[in-house]
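A closer look at the structure
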Amino acid sequence: MQVAETNTAVREETARVFFAIWPDAAAQRRLAELAERLETVCDGRKVRAENIHLTLVFLGEVSVDRLDALCQAANEVQGAGVRAFDFAVEEIRYWKHNRIAYAGTVKVSQELLDLVSALQSALSAAGFSFDRQAYVPHITLARKAKCPAPSIEFRTGLPELAQPVVWPVREWVLVKSGQANGRSGYTPIGRWPLV
Ligand code: 2AM
């Protein structure tokens, strides 16, 4: 029989955290409209407007005692030559293996790759572990999606964008995920500007 851990003095408190970029208000509106359409087209569960984001590095559970050190590591990135850039969503795509419908980019900007790589180096140097799979920038718009196969109506089986959704990326954030009022949501716990 398993006994639940009740001794809070020995239980380590952790936070589920990741670094990300949030769209500006206009891009958020357009991405939220797409999420709404995907909910219908793919019978999925849309991501709420305020939660739509692009993950840079996902760390998962980190001890709350280490959050200051995590912010310090992120401070190092500011001196690493990272620059502001525009992020352009050009396509809606679908991953069947995890049933995620997402917004993607055709040509990943060098500035985004430099930011992710500088962040990964600073985190490694500070002893943090994170997901090291090849970075595939994606903005999840609907989960538990069952997107249709290509048809005359949807060439790719998914909504197509008449115009790309572009926004100027001028900051990146450290975010904690968790439940608030019975809903999953994200709380920014650090911000770093890009110029
Ligand atoms: P997802 O949208 O593809 O699930 C908060 O959970 C953010 O971290 C989401 O953008 C999520 O990506 C990403 N994320 C969650 N688990 C992850 C993992 N194991 N590796 C990389 N990113 C992850």
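These figures come from a predicted structure and were not determined experimentally. (Residues numbered from 1 in each chain as written. Predicted model: local features only at pLDDT ≥ 70, side-chain atom pairs only at ≥ 80, totals over all residues. Heavy atoms only, no water.)

Things to note about the overall build of the protein
Worth spelling out the cut-off: Helix and strand assignments follow DSSP, with helices taken as H or I runs no shorter than four residues and strands as E runs no shorter than two, numbered in order from the N terminus. Only protein chains enter the calculation, and the probe is 1.4 Å; a residue is then buried if its accessible area is under 20% of its type maximum, exposed if over 50%, and partly exposed in between. In this analysis, two residues are considered to be in contact whenever any of their non-hydrogen atoms come within 4.5 Å of each other. Accessible surface is estimated by sampling points in the Shrake-Rupley manner with a 1.4 Å probe; for residues, cover comes only from the protein chains shown. Charge counting follows a simple rule: Lys and Arg are positive, Asp and Glu are negative, and His as well as the terminal groups are ignored. Where a charge sits is defined by one atom per residue type, namely NZ (Lys), CZ (Arg), CG (Asp) or CD (Glu).
Within the protein, the regular secondary structure consists of three helices and 10 strands. Reading the helices (α) and strands (β) of the protein from amino to carboxyl end gives β-α-β-β-α-β-β-β-α-β-β-β-β. Along the first, second and third principal axes, the C-alpha atoms of the protein reach 60 × 50 × 30 Å. For the protein, with 195 residues in total, the buried portion stands at 39%. For the protein, the proportion of contacts with a sequence separation of at least 24, taken over those separated by at least 6, is 77%. Accessible surface computed for the protein: about 11300 Å², of which carbon and sulfur atoms make up 49%. If the 23 positive side-chain charges of the protein are averaged to one point and the 22 negative ones to another, these points end up 5 Å apart.

Considerations on the site of the ligand
Under the convention used in this document: Here a residue counts as near a molecule or strand whenever at least one of its heavy atoms sits within 4 Å of it. Definition of a polar contact: a pair of N or O atoms within 3.5 Å, with one able to donate and the other able to accept a hydrogen when the atoms are protein atoms, and with sequence-neighbouring residues admitted only if both atoms are side-chain atoms. Asp, Glu, Lys and Arg are counted as charged, while Ala, Val, Leu, Ile, Met, Phe, Trp, Tyr, Cys and Pro are counted as nonpolar; the rest, among them Gly, fall into the polar class.
The environment of the ligand is made up of F18, H53, T55, F58, I100, D131, H138, T140, R143 and Y186. Here an oxygen atom of the ligand sits 2.6 Å away from a polar atom, N or O, in the side chain of T55. A distance of 2.5 Å is found between an oxygen atom of the ligand and a side-chain nitrogen or oxygen belonging to T140. Computed on the free molecule, the ligand has an accessible area of 470 Å², of which 71% lies beneath the protein chains in the complex. Taken together, the residues that form the shell around the ligand break down as four nonpolar, four polar and two charged.

A closer look at a positive patch on the surface
Note the threshold: Residues form patches when they are more than 30% accessible in relative terms and have no salt bridge. Like charges link within 9 Å. Nonpolar side chains (Val, Leu, Ile, Met, Phe, Trp, Tyr) link within 5 Å. Salt bridge, as applied in this entry: a Lys or Arg side-chain nitrogen positioned within 4 Å of an Asp or Glu carboxyl oxygen.
Together, R45, R99, R143, K144 and K146 give the surface a local cluster of positive charge. With respect to the helices and strands, the residue R45 is situated in strand β2 (residues 45-46). R45 gets classed as partly exposed once you look at its relative accessible area, which sits at 46%.

Points about the state of the cysteines
Rules: The disulfide definition used here is simple: a pair of cysteine sulfur atoms within 2.5 Å.
One pass over the full model with this rule turns up one disulfide. The partner cysteine of C42 in its disulfide is C147, sulfur to sulfur 2.3 Å. Linking C42 and C147, the disulfide has an S-S dihedral of approximately 105° and is accordingly described as right-handed. Taken together, the residues C42 in the loop between α1 (25-41) and β2 and C147 in the loop between β7 (139-143) and β8 (165-169) connect sequence positions 105 residues apart.

Some words on the sheet that holds β7
Basically, it comes down to this: Two strands make a pair as long as DSSP finds a minimum of two bridges between them. The axes used here are C-alpha line fits, helices contributing only the stretch in contact, and every angle between their N-to-C directions lies in the interval 0 to 180 degrees.
Overall, antiparallel pairing links the four strands, which are arranged β2-β7-β6-β5 in an open sheet. Every interior strand has two partners, whereas the edge strands, β2 and β5 (91-95), have only one. One ladder, built from three bridges, connects strand β6 (residues 100-104) with β7; its direction is antiparallel. If you follow A101 over to β7, its bridge partner there is A142. Sitting on the sheet, α1 touches β2, β5, β6 and β7, and the angle it makes with β7 is about 30°.

Some words on the packing of aromatic side chains
For the record, the criterion: Any Phe, Tyr or Trp ring, taking Trp's six-membered ring, that has another such ring centre within 6.5 Å forms a pair; planes under 30 degrees apart are called stacked, those over 60 apart edge-to-face, and the others tilted. Whether a charge sits over a ring comes down to the Lys NZ or Arg CZ being within 6 Å of the ring centre and within 35 degrees of the ring normal.
The final tally for this structure, using the stated rule, is seven aromatic pairs. Relative to W172, the ring of F19 has its centre 5.8 Å away and its plane inclined at 55°; by these criteria the two rings are tilted. Within this pair, whereas F19 is found in strand β1 (residues 14-21), its partner W172 is found in strand β9 (residues 171-180), the two being separated by 153 residues in sequence. Between F87 and W167, the aromatic rings sit 5.2 Å apart at their centres with planes inclined by 55°, giving tilted as the arrangement. Here W167 lies in strand β8 and F87 lies in strand β4 (residues 85-89), a separation of 80 residues in the sequence. Chaining the aromatic ring pairs together yields one cluster made of F18, W22 and Y186. Positioned above the aromatic ring of F128, the side-chain terminus of R66 is 4.2 Å from the ring centre.

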